[in-house]
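Working through the structure, step by step
Here is what each chain is made of, one letter per residue.
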Amino acid sequence: MTSPTQTGYDGHPPKPPSAFTRVTMVMREQPAWRITLLALLLSVLFGWLDEATGWEVSLLILYAMPIFLAVWWGGRTAGVIVTLCSVLVWWIVNEERLPYETGPAQLLAVVNRLFYFSVVAYAVSAVRRKQDADAERIRILEGHRQLERDIVKVSEHEQQRIGRDLHDGLCQHLAAIGCAARVLAEDLQAQGVAASADVVMIEESIYDAVREARNLARGIFPVHVDRSGLAAALHDLAHTMSALTGASIKVRECEDVPTDKPEVSMHLYRIAQEAVANAVRHGEAAEVVIAVKMVGNALELSIEDNGKGMPPLTQIGGEGMGLRTMRYRAQALAATLDFEPRSGGGTCVHCRMPLKPSPEPILS
């Protein structure tokens, strides 16, 4: 199992940082004054090169490099300082070589360069702000994804704990009380006490409660869900939900899950469990059919019911926690989850998990 710290937002191992990213990380650790000083030195260096090449070869575009450096890693103040200094360096280098005879023309040339350098500084600043905003948006999305993983992980853990407590705690206590009731009933019957019949009824009620508690425990904590046990778990789910709700829930076909990850089977089981519960509880379905089969190069889990169908999300105030959890589990499997109306009434839930050429899903 891969920990969240080893995966990126898309659920796959993060790529190593590029050379530009590494340089950016180093430069961002430098104080602003050091970045500004480095940019000023570059501006002077390009001014010297401009002086050496003469008026015929224009190196005006090189002055944009220290401006970029100052704005990108030093900030707006550093960018303003380097922009003004670059204009000054350009003017000192080219003052005697400008082909302008009047002062206003020379001033216009200086203003022209100042405008060009300012546009460069503004463009770099805008790109930097957009990159920072994108990085913050990605950080928030990663935080939301991690929160979803934590919620599902905690939910799974709590369901397992409750299932174990029901099976190992409540069921055992009820079974012990049932044994005591049986002994009492036998003693009363041996003494010819008429109340022994009432004790037998109490014993039967206790064992009914034990069966219901065990059914609940199996639904909450399907301990045998793995690659080869999904079919058995789905059959148990159908049997348990049928006993608890009175609806006819059947597994029509169930193929093996072609993966070595038991988490895949658990996610598929939980999606089916939530879909069946929604069909019976909200759709008031009398019949539900579960199927797992191969469709092309994908594994498809389908749950069909004959209920009254799903109401539009606008009528129920958006998706509830159950639907959001189902979508998250499908996303963890790199699968698609669709809700479609069934011909003749009811709802069809399809979860399609591609097997090739997509890589194996990395689950939390």
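Read on for an overview of the structure. These numbers come from a predicted model, not from an experiment.

1. Quick look at the overall build of the protein chain
When helices and strands are counted, the protein chain shows nine helices and five strands. In sequence order, the protein chain lays out its α and β elements as α-α-α-α-α-α-α-β-α-β-β-α-β-β. When burial is assessed residue by residue, the protein chain has 37% of its 364 residues classed as buried. Within the protein chain, contacts between residues separated by at least 24 positions form 68% of all contacts whose residues are at least 6 apart in sequence. Looking at the protein chain as shown, the accessible area adds up to about 21,000 Å², and 61% of this sits on carbon and sulfur atoms.

2. Considering the pairing of strand β4 (residues 336-341)
As paired strands, β4 and strand β5 (residues 347-354) are joined by six bridges and run antiparallel to one another. Looking across to β5, one finds that Thr-336 is bridged to Arg-352.

3. Quick notes on the packing of aromatic side chains
The geometry of an aromatic ring pair is captured by the separation of the ring centres together with the interplanar angle, meaning the angle of the planes. The final tally for this structure, using the stated rule, is four aromatic pairs. Ring geometry for Phe-68 and Trp-72: centres 5.5 Å apart, planes at 20°, overall stacked. Taken together, the residues Phe-68 and Trp-72, both in helix α3 (residues 64-74) and four residues apart, mark about one turn of the helix. Phe-68 gets classed as partly exposed once you look at its relative accessible area, which sits at 32%. Ring geometry for Tyr-116 and Phe-117: centres 5.3 Å apart, planes at 55°, overall tilted. Taking relative accessible area as the criterion, Tyr-116 reaches 28% and is therefore assigned partly exposed. A network of ring pairs unites the aromatic residues Tyr-63, Tyr-116 and Phe-117 as a single cluster. Positioned above the aromatic ring of Trp-72, the side-chain terminus of Arg-128 is 5.7 Å from the ring centre.

4. Looking at the nonpolar core
The tendency in soluble globular proteins is for nonpolar side chains to be buried side by side. Formed by 36 residues in total, the largest nonpolar core has its most connected members in Leu-234, Ile-249, Leu-268, Ile-290, Leu-301 and Ile-303. Of all the secondary-structure elements, those providing two or more residues to this core are α7 (230-245), β1 (248-254), α8 (262-281), β2 (287-295), β3 (298-305), α9 (321-332) and β5. Here this core gets ten residues from one element, more than from any other, and that element is α8. Apart from the residues lying within four places of it in its own chain, the contact partners of Leu-268 are Leu-230, Val-257, Leu-299, Leu-301, Leu-333 and Cys-351. In terms of nonpolar packing, the next biggest core, distinct from the first, is built from 23 residues, Ala-64, Val-71, Ala-109 and Val-120 among them.

5. Points about the pairing of β5
The side chains of a regular strand alternate, first on one face of the sheet and then on the other. Burial runs high along β5: six of the eight residues are buried. Of the pairings in the sheet, the one linking β3 to β5 comprises seven bridges and is antiparallel in character. Bridge pairing in β5 places Leu-299 opposite Met-353. Between β4 and β5, which pair antiparallel one after the other, the connecting turn spans five residues, and Gly-344 there sits at a positive phi close to 90°.

6. Examining the packing of α3 against helix α4 (residues 76-94)
Contact geometry of α3 with α4 gives a least axis separation of 8 Å together with a crossing angle of 170°. Classified by the angle between their axes, α3 and α4 sit roughly antiparallel to one another. Seen from α3, the contacting residues are Pro-66, Ile-67, Ala-70, Val-71 and Gly-74; seen from α4, they are Ala-78, Gly-79, Val-82, Thr-83 and Ser-86. Counted by class, the contact of α3 with α4 contains six nonpolar, four polar and no charged residues.

7. Observations regarding the pattern of salt bridges
Under the criterion given, the structure shown has eight salt bridges. Close ionic contact of Asp-132 with Arg-128 constitutes a salt bridge, the shortest N to O distance being 3.1 Å. Here Asp-132 pairs with Arg-128, and both are found in helix α5 (residues 103-191), just four residues apart, close to one helical turn. Classification of Asp-132 as partly exposed rests on a relative accessible area of 33%. For Arg-128, a relative accessible area of 16% puts it in the buried group. Linking Glu-304 and Arg-342 is a salt bridge whose minimum nitrogen-to-oxygen distance equals 3.9 Å. A residue pair is termed long-range when its members are at least 10 positions apart, and Glu-304 in strand β3 and Arg-342 in the loop between β4 and β5 qualify at 38 residues. Residue Arg-342 is classed as partly exposed on the basis of its relative accessible area, which comes to 29%.

Rules used in this analysis
Residues numbered from 1 in each chain as written. Predicted model: local features only at pLDDT ≥ 70, side-chain atom pairs only at ≥ 80, totals over all residues. Heavy atoms only, no water. Helix = DSSP H or I, 4+ residues; strand = E, 2+ residues; numbered from the N terminus. Buried < 20%, exposed > 50% of the residue type's maximum accessible area, 1.4 Å probe, protein only. Contact = heavy atoms within 4.5 Å. Areas by Shrake-Rupley, 256 points an atom, 1.4 Å probe, with all protein chains shown as cover. Pairing = 2+ DSSP bridges. Phe/Tyr/Trp six-rings, centres within 6.5 Å; stacked < 30°, edge-to-face > 60°. Lys NZ or Arg CZ within 6 Å of the ring centre and 35° of its normal. Core = buried A, V, L, I, M, F, W, Y, C linked by side-chain atoms within 4.5 Å. Axes fitted to C-alpha atoms, helices over the stretch in contact; angles between N-to-C directions. Parallel < 35°, antiparallel > 145°, perpendicular 65-115°, else oblique. Nonpolar A, V, L, I, M, F, W, Y, C, P; charged D, E, K, R; others polar. Salt bridge = Lys/Arg side-chain N within 4 Å of Asp/Glu carboxyl O.

No statement about biological role is implied by the geometric values presented.
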